[in-house]
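Letter by letter, the chains look like this.
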Amino acid sequence: MSEEMLFQKDDLEHALSDNVRESDESKYLIFRYSDILYAMSTDVVVEIFTHVDVTRIPMVPDYIAGVINLRGAVVPIIDFRLMLGRYPEGEPCAIILDINGVTIGILVDTVDRMVDISKSAILPVPPQNEHPMVNGMCTIPGGTSTVMLLDAPALIHMSE
Amino acid sequence: MGMGNDMMDAYLFEMHSMLEQLDDLILQSEQAKTFSQEAVNEIFRIMHTIKGSSAMMEFNSLMTIAHRIEDMFFVIREKTMDAIPDELKPNLFDLIFESIDFFRAEIEKIENDQPLSNDIDTFLNKINTFANKISGEGGGDDSPAQGAAAPEAASASAPASGELMAYGSASFPYGLQVFFDEGAGMENLRAMMLVNSVKEVVDENAFDFLPPDVQLNPETATFIVDNGFFLRFKTEGDRGNAEGAVRETGSVREFLPFDFAPGIEAQAAASTETVQAAQTASTGSAPAAEAPQQQSAAAQTAAKQQHAKESLISVSLSKLDTLMAVVSEIVITEAQVTASPDLKGLKLDNFTKAARQLRSLTDQLQDVAMSLRMVPVSGTFQKMKRIVRDMSKKLDREANLILEGEDTEVDKTIVDSISDPIMHIVRNSMDHGIEENKSERIAAGKDPVGQIILAARQTGSEVIIEIIDDGRGVNDEAVLNKAIRQGLAQPGVDYSHKDILNFLLMPGFSTNTEVTEYSGRGVGMDVVKSNVESCGGTVTISSELGKGMTTTLKIPLTMAIMDGMEVSVGESIFTVPIANIRQIFKASDMHIIQDETHGEMIKIVDNFYSIIRAKEFYSIAEGVDSFNDGVLLWVESGDNSFCLFVDQLIGEQQVVVKPLPEYVNNFGIKNSGISGCTILGDGSISIILDVANIYTAQN
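What counts and how
- Residues numbered from 1 in each chain as written.
- Chains lettered and ligands numbered in written order.
- Predicted model: local features only at pLDDT ≥ 70, side-chain atom pairs only at ≥ 80, totals over all residues.
- Helix = DSSP H or I, 4+ residues; strand = E, 2+ residues; numbered from the N terminus.
- Buried ≥ 20, exposed ≤ 12 C-beta atoms within 10 Å, placed from the backbone.
- Contact = placed C-beta atoms within 7 Å.
- Nonpolar A, V, L, I, M, F, W, Y, C, P; charged D, E, K, R; others polar.
- Pairing = 2+ DSSP bridges.
- Axes fitted to C-alpha atoms, helices over the stretch in contact; angles between N-to-C directions.
- Parallel < 35°, antiparallel > 145°, perpendicular 65-115°, else oblique.
- Left-handed = near helix turned anticlockwise from the far one by under 90°.
- pLDDT = per-residue confidence, 0-100.
- Core = buried A, V, L, I, M, F, W, Y, C linked by C-beta atoms within 7 Å.
- Domains from an automatic or database assignment.
- Arc of directions from axis to C-beta.

Draft legend 1. Main features of the overall build of chain A. The helix and strand tally for chain A stands at three helices and 10 strands. When the elements of chain A are put in sequence order from the N terminus, they spell out α-β-β-β-β-β-α-β-β-β-β-β-α. In chain A, which comprises 160 residues, the proportion classed as buried is 26%. Nonlocal contacts in chain A, meaning residues at least 24 apart in sequence, comprise 49% of its contacts between residues at least 6 apart.

See below:
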């Protein structure tokens, strides 16, 4: 009887610590352009395309690649590479995001993989390297490469 | 507050329609200078309902005011209008109008999630004083509040037990018949609340209720008023528990237990069926033959009444939008399927036949879906009556408002966006148009009473709304001087009559030197213009000094689907609305006239028109440069006419207009003539051009 109780308590503690870990860690999608890795919280990622047929819109800044037809919905596409001031190379991938109800797509060079990043591992960007769309950086767990964490809402605020 | 949204929507909808009804009723009565007994009864009834529903929603300010007015009308109902001295009657009308405005203001606060007024004492006192005056005049000393509050329970006798049995059920033999307070309003939702509170004490599967669709079908309210609401339980114990819950629920007047007796369930089914038949409001389909003789007469009368007045249902606009979106997709998909490149070269007789049938059906579906969004302009027009009435009193000018073509139907979104412009123009007509003194009108040989005509009519593709007044008309000289003072016009330049009228539509123009309550805020006609243009329409003014002024709004009938001409420039595809295209033609470079500032023009018939190259206008890299290789579209919107140069025509197509994403619109592309987009049959996106804005942007 008492042994059983002990087990239960153990289980409970285990479950609790699991919970704590879950709330601390969140999944990020890593994508690449040039040699830099960027990470975007998967909470906002809807889907990923490899081939996109973008319709250009006149009279908008260069970094807006245009709009696409996503199953009947017209979705704006930002060329993320141009937004950061670099010229795109090669066939891009499109990542469709839902940021607070606004659907928007971004073009990137390649999509890398998904990783779990714990909140405590995220470090601030040094003031000299600050960028309005990057809100932190961290080293990928178990690896040597460093990623820049993108601030999703900042993407849509760029136009306002 | 814990209330469901459905309930709030129903409340707001009910309030809006009752206030409109009230407005109308009082306007009519004011013309007759008295209330008929029916009008008094109707007002009494409306106030009673407002009181009841507001109390249920816990909107105390609304409830209190409605209660007082109800009391007052109780007295009037007893004594009849004859007992009220003539000199008090205008005050009575004003008072009711004031209360309507009060209700409206409160409702608006509710809609905007703002707190309601706490300080209603002043208004309350006003009503009380007036009520005392009336009852004082009559000499009587009866207490109105008491009389009004007493429910007329006796008049609604409970149905005989035989009829009660008809609502029993073998699986749920223990019944409870519930009646709500007389005139409580929204009985169906009250019933739903009742069901919810019963669910707390009785298992959901251990009881059912009749009518079964109270939550979704507001028409069941009539049935409940006439026959009561039926709760049916599996066991007597459950019924006992439920009785407690029912007793504690608000607005329940009485409830009667009844037990199921076998052998009459068939009748029960039949009478349920009749109720449902009434609800669907399909005449003739009611199974009259099957309905047994014993069926309650009340249910039959209810059915008839529902046929008469409940042939309309209210549907949320978002549902219609979704429907419209789906239908639009179907139309496009249909074209994709039947014109699929995979079918090329195949001889498919049956397929072609079926495809043709599908085509005609989707066309019909589209027409029906579009017509659902159409509402008559009468609602908007009726509101103007009140505005003219109020302003007549305030400005002490007499004017009649004449409505024409109220039945004209336009898209719901258009009705919403033209309501303010029309109001503004009508106010302008009252304020600036109609002469201040009757003598002025008589001297000009006009009827001493001014006239404003509000007319709507339809042409093939447009709705035309005209606001015509027979007032002073526009004084060109005064307007021009004002325009010069405001820096809108250049002194010494010769302006035509038309140019001068156009100044009235410019931002920051207001002819009244003093700002009045009603117009002349300087944000008048230009707002009218931009509102109307936002739904693709145009505003024009014509006027003759001394004769009056006519403002014409032209609005395209439907916006969601339109006929477009697909054109290409480089790799981009654009849609130009067919309605804007006057002519399409080819020209050679030698026909083009160059002016000094590199502007290009072309002569069509007897006039010169400027040319806008889409390629240059939109800085598109690819595309043709020589006129020999491209096509000119002679386009027109309002007073602007010009030629648009594009690479080539792709073809005419019916397109579904979609707005561009907000993100993209934020860059102000609307001002560059990009009004929206559409998805073509092959899934690619075409940009819809707004001819008027291209012209404005170019100049």
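After that view of the structure, there is still more to cover.
Draft legend 2. Region of interest: the overall build of chain B. Broken down by element type, chain B carries 23 helices and 22 strands. In chain B, which comprises 699 residues, the share counted as buried stands at 35%.

Draft legend 3. Expanded view of the interface of chain A and chain B. Tallying the contact residues gives 20 residues for chain A and 21 residues for chain B. Mapped onto the side of chain A that touches chain B, the elements with two or more residues apiece are strand S4 (64–70), strand S5 (73–79) and strand S7 (102–108) of chain A. Residues of the side of chain A that touches chain B, tallied by class, amount to 13 nonpolar, four polar and three charged.

Draft legend 4. Spatial organisation of the pairing of strand S17 (residues 607–613) of chain B. All names here are of chain B. Pairing of strand S16 (residues 600–604) with S17 involves five bridges; the strand directions are antiparallel. Bridged to Ile-602 within S17 is Tyr-609. In this antiparallel pair of consecutive strands, S16 and S17, the connection spans two residues, and Val-605 shows a positive phi of 50 degrees. Pairing geometry for S17 and strand S19 (residues 640–646), over three bridges, is parallel. Residue Arg-613 lies in a different strand from S19, and its bridge partner there is Phe-645.

Draft legend 5. Main features of the packing of helix H13 (residues 317–338) of chain B against helix H14 (residues 349–372) of chain B. Residue and element names in this part refer to chain B. Here H13 crosses H14 at 160 degrees, and the two axes come no closer than 10 Å. Taken together, the axes of H13 and H14 lie roughly antiparallel to each other. Taken as a pair, H13 and H14 cross one another with a handedness that is left-handed. Residues Leu-320, Leu-323, Met-324, Val-327, Ile-330, Val-331, Glu-334 and Thr-338 of H13 pack against Ala-355, Leu-358, Arg-359, Thr-362, Leu-365, Gln-366, Ala-369 and Leu-372 of H14. A breakdown of the residues in the contact of H13 with H14 according to their chemical character gives 11 nonpolar, three polar and two charged.

Draft legend 6. Layout of the environment of Ile-106 of chain A. Residue and element names in this part refer to chain A. Inspection of the secondary structure assignment puts Ile-106 in strand S7. Taking the C-beta count within 10 Å as the criterion, Ile-106 has 25 such neighbours and is therefore assigned buried. When the C-alpha positions of Ile-106 and Ala-65 are compared, they lie 8.9 Å apart, and in sequence the two are 41 residues distant. Setting aside chain neighbours within four positions, we find Ile-106 in contact with Ile-78, Phe-80, Ile-95 and Leu-97.

Draft legend 7. Quick look at the sheet that holds strand S6 (residues 93–99) of chain A. Residue and element names in this part refer to chain A. Here we have five strands laid out as an open sheet, ordered S3-S6-S7-S5-S4, and mixed in their pairing. Looking along the sheet, the strands with just one partner apiece sit at the ends: strand S3 (45–49) and S4. Recorded for the sheet is a direction-independent mean angle of 30 degrees between the axes of neighbouring strands. Pairing analysis gives six bridges linking S4 to S5, with the strands arranged antiparallel. What sits directly across from Gly-66, in S5, is Ile-77.

Draft legend 8. Structural view of unusual backbone geometry. Residue and element names in this part refer to chain B. Put simply, Leu-210 and Pro-211 share a cis peptide bond, and its omega is -5 degrees. Looking at the element boundaries, Pro-211 is found in the loop between strand S2 (207–210) and helix H9 (220–227). A positive phi angle is found at Glu-58, which is not glycine, with a value near 65 degrees. Taking the number of C-beta atoms within 10 Å as the measure of exposure, Glu-58 has 11 and is therefore exposed. Backbone geometry at Asp-113 places phi at a positive 65 degrees, although glycine is not the residue there. Overall, the presence of 6 C-beta atoms within 10 Å leaves Asp-113 in the exposed class.

Draft legend 9. Summary view of the packing of helix H16 (residues 412–433) of chain B against helix H20 (residues 525–534) of chain B. Residues and elements named next belong to chain B. The geometry of H16 relative to H20 is characterised by a closest axis approach of 9 Å and an angle of 155 degrees between their N-to-C directions. Taken together, the axes of H16 and H20 are roughly antiparallel relative to one another. For H16 against H20, the interelement crossing comes out left-handed. Contacts between H16 and H20 involve Ser-417, Ile-418, Asp-420, Pro-421, His-424 and Ile-425 from the first element and Val-527, Val-528, Asn-531, Val-532 and Ser-534 from the second. Classifying every residue of the contact of H16 with H20 gives six nonpolar, four polar and one charged.

Draft legend 10. Looking closely at the sheet that holds strand S14 (residues 581–585) of chain B. Taking strand neighbours across the sheet as the criterion, the six strands line up as S14-S18-S19-S17-S16-S15 (chain B) in an open arrangement whose pairing is mixed. Sheet topology places S14 and strand S15 (593–594) of chain B at the edges, where each strand pairs with a single neighbour.

Draft legend 11. Representation of the confidence of the model for chain A. All names here are of chain A. On average, chain A scores 79 in pLDDT, and the residues at 70 or more come to 83%. By mean pLDDT, helix H1 (residues 2–24) is the weakest element of chain A at 49, and S6 is the strongest at 91. Taken together, the stretch residues 1–10 has pLDDT below 50 and engages in zero contacts with residues farther than four places along the chain or on a different chain. Across residues 15–21, where pLDDT falls below 50, the model places zero contacts with residues more than four positions away in sequence or in other chains.

Draft legend 12. Local environment of the pairing of strand S11 (residues 548–556) of chain B. Residues and elements named next belong to chain B. Looking at chain direction, strand S9 (residues 462–469) and S11 are connected through eight bridges and run antiparallel. Bridge pairing in S11 links Ile-467 to Thr-551. Where strand S10 (residues 538–544) folds back on S11, the antiparallel hairpin that results is connected by three residues, among which Gly-546 adopts a positive phi of roughly 85 degrees.

Draft legend 13. The arrangement of the confidence of the model for chain B in detail. Residues and elements named next belong to chain B. Chain-level statistics for chain B give a pLDDT mean of 78 and a share of 83% at 70 or above. Of the regions scoring below 50 in pLDDT, residues 138–162 engages in 26 contacts with residues more than four places distant in sequence or in other chains. The low-confidence segment residues 263–309 (pLDDT under 50) makes 62 contacts with residues lying over four places distant or belonging to another chain. For this predicted complex, the interface confidence score (ipTM) comes to 0.78, while the overall pTM stands at 0.48.

Draft legend 14. A look at the environment of Pro-211 of chain B. Pro-211 of chain B sits in the buried class, given 21 other C-beta atoms within 10 Å. Spatially, the C-alpha atom of Pro-211 of chain B lies 8.9 Å from that of Asn-188 of chain B, the residues being 23 residues apart in sequence.

Draft legend 15. Seen up close, the nonpolar core. Ranked by size, the top nonpolar core spans 72 residues in total, and within it Ala-39, Val-67 and Ile-77 of chain A together with Leu-644 of chain B carry the most contacts. The element best represented in this core is S19 of chain B, accounting for five residues. The residues that make up this core include at least three from each of domain 3 (317–373) and domain 5 (561–698) of chain B. When neighbours within four sequence positions are excluded, Ala-39 of chain A is seen to be in contact with Tyr-28, Leu-29, Ile-30, Ile-117, Val-147, Met-148, Leu-149 and Leu-150 of chain A. Counting 60 residues, the second largest nonpolar core, distinct from the first, contains Val-40, Ile-69, Phe-74 and Ile-127 of chain B.

Draft legend 16. Highlighting helix H23 (residues 691–698) of chain B. All names here are of chain B. Of all the positions in H23, only Val-691, Ala-692, Ile-694 and Tyr-695 are classed as buried. Projection of H23 onto a plane perpendicular to its axis shows the buried side chains occupying an angular sector of 165 degrees, all on one side. Here the buried face of H23 lies against S17, helix H21 (614–617), strand S18 (631–637), S19 and strand S22 (685–689).

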